Amino acid sequence: MPRACKDTTDKVVDFGVAEDRSSDLDGYTVNFVTIKQTHDLAPMLAGLPGGNCSCPHWGYVFKGRVVVRYDDREEVFQAGDAYYMPPGHAPAADAGTELLQFSPAEDLAVVEAAIAAHMQGGANR
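Cut-offs and rules
- Residues numbered from 1 in each chain as written.
- Predicted model: local features only at pLDDT ≥ 70, side-chain atom pairs only at ≥ 80, totals over all residues.
- Heavy atoms only, no water.
- Salt bridge = Lys/Arg side-chain N within 4 Å of Asp/Glu carboxyl O.
- Helix = DSSP H or I, 4+ residues; strand = E, 2+ residues; numbered from the N terminus.
- Buried < 20%, exposed > 50% of the residue type's maximum accessible area, 1.4 Å probe, protein only.
- Phe/Tyr/Trp six-rings, centres within 6.5 Å; stacked < 30°, edge-to-face > 60°.
- Polar contact = N/O pair within 3.5 Å; in protein donor to acceptor, adjacent residues only side chain to side chain.
- Contact = heavy atoms within 4.5 Å.
- Core = buried A, V, L, I, M, F, W, Y, C linked by side-chain atoms within 4.5 Å.

Draft legend 1. Geometry of the pattern of salt bridges. Applying the stated criterion across every chain yields a total of 7 salt bridges. Here Glu19 and Arg21 are joined by a salt bridge, their closest N and O atoms 3.0 Å apart. As a salt-bridge pair, Glu98 and Lys63 come within 3.8 Å of each other at their nearest N and O atoms. Separated by 35 residues along the polypeptide, Glu98 in strand β10 (residues 98-104) and Lys63 in strand β5 (residues 57-63) bring together distant segments of the chain. Relative accessible area serves as the criterion here: at 44%, Lys63 is assigned to the partly exposed category. Each of Asp72, Arg73 and Glu75 takes part in a single network of salt bridges with overlapping partners.

See the structure below:
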């Protein structure tokens, strides 16, 4: 049976503002995310259609707070909240936030490529 553990994920990436530990499980990516500095992903999502994340996510917040903006509303997820983020969102998170997130692997790969391009200076800022 596919499973993931934070301490033994296949991939660990330190983005400076956040650490992302992830594994792919049967077409879904499981991310264990620790936010080290308060930040907003909106500028890094600018290269995607509509300037928002195009990938749906399901997850659970262990510690901290995530603010998710949509074109027509804002939602806040706090410690103890399970959540669903449909496509079309731009999240921001407070330092110290820890969460577990599940996403369709192919959709997430598109978003991660856009974020990587922005971080490397390949997207309009």
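Draft legend 2. Main features of the packing of aromatic side chains. A complete count under the given rule lists 3 aromatic pairs for this structure. Where Trp58 meets Tyr84, the ring centres are 5.1 Å apart and the plane angle is 35°; that geometry is what we call tilted. Of the two residues, Trp58 sits in strand β5 while Tyr84 sits in strand β8 (residues 82-85), which places them 26 residues apart along the sequence. With relative accessibility at 38%, the residue Tyr84 sits in the partly exposed group. With a centroid separation of 5.0 Å and an interplanar angle of 70°, the aromatic rings of Tyr60 and Phe62 are classed as edge-to-face. Among the residues examined, Phe62 registers a relative accessible area of 44% and is labelled partly exposed.

Draft legend 3. Spatial organisation of the side chain of Thr9. Looking at the secondary structure, you find Thr9 in the segment before β1 (11-14). By relative accessible area, which is 12% here, Thr9 ends up buried. Separated by 3.2 Å, the side chain of Thr9 and the backbone oxygen of Lys11 make a polar contact. Apart from the residues lying within four places of it in its own chain, the contact partners of Thr9 are Arg21, Ser22, Ser23 and Phe32.

Draft legend 4. Structural detail: the nonpolar core. Among the nonpolar cores identified, the biggest contains 12 residues, and these are Ala18, Val33, Ile35, Val61, Val66, Val68, Tyr70, Phe77, Tyr83, Met85, Ala93 and Leu99. Going through the elements one at a time, β3 (28-35), β6 (65-69) and β8 are the ones with two or more residues in this core. Val66 has contacts with Val61, Glu75, Val76, Phe77, Pro91, Ala92, Ala93, Thr97 and Leu99, leaving out every residue within four places of it along the chain.

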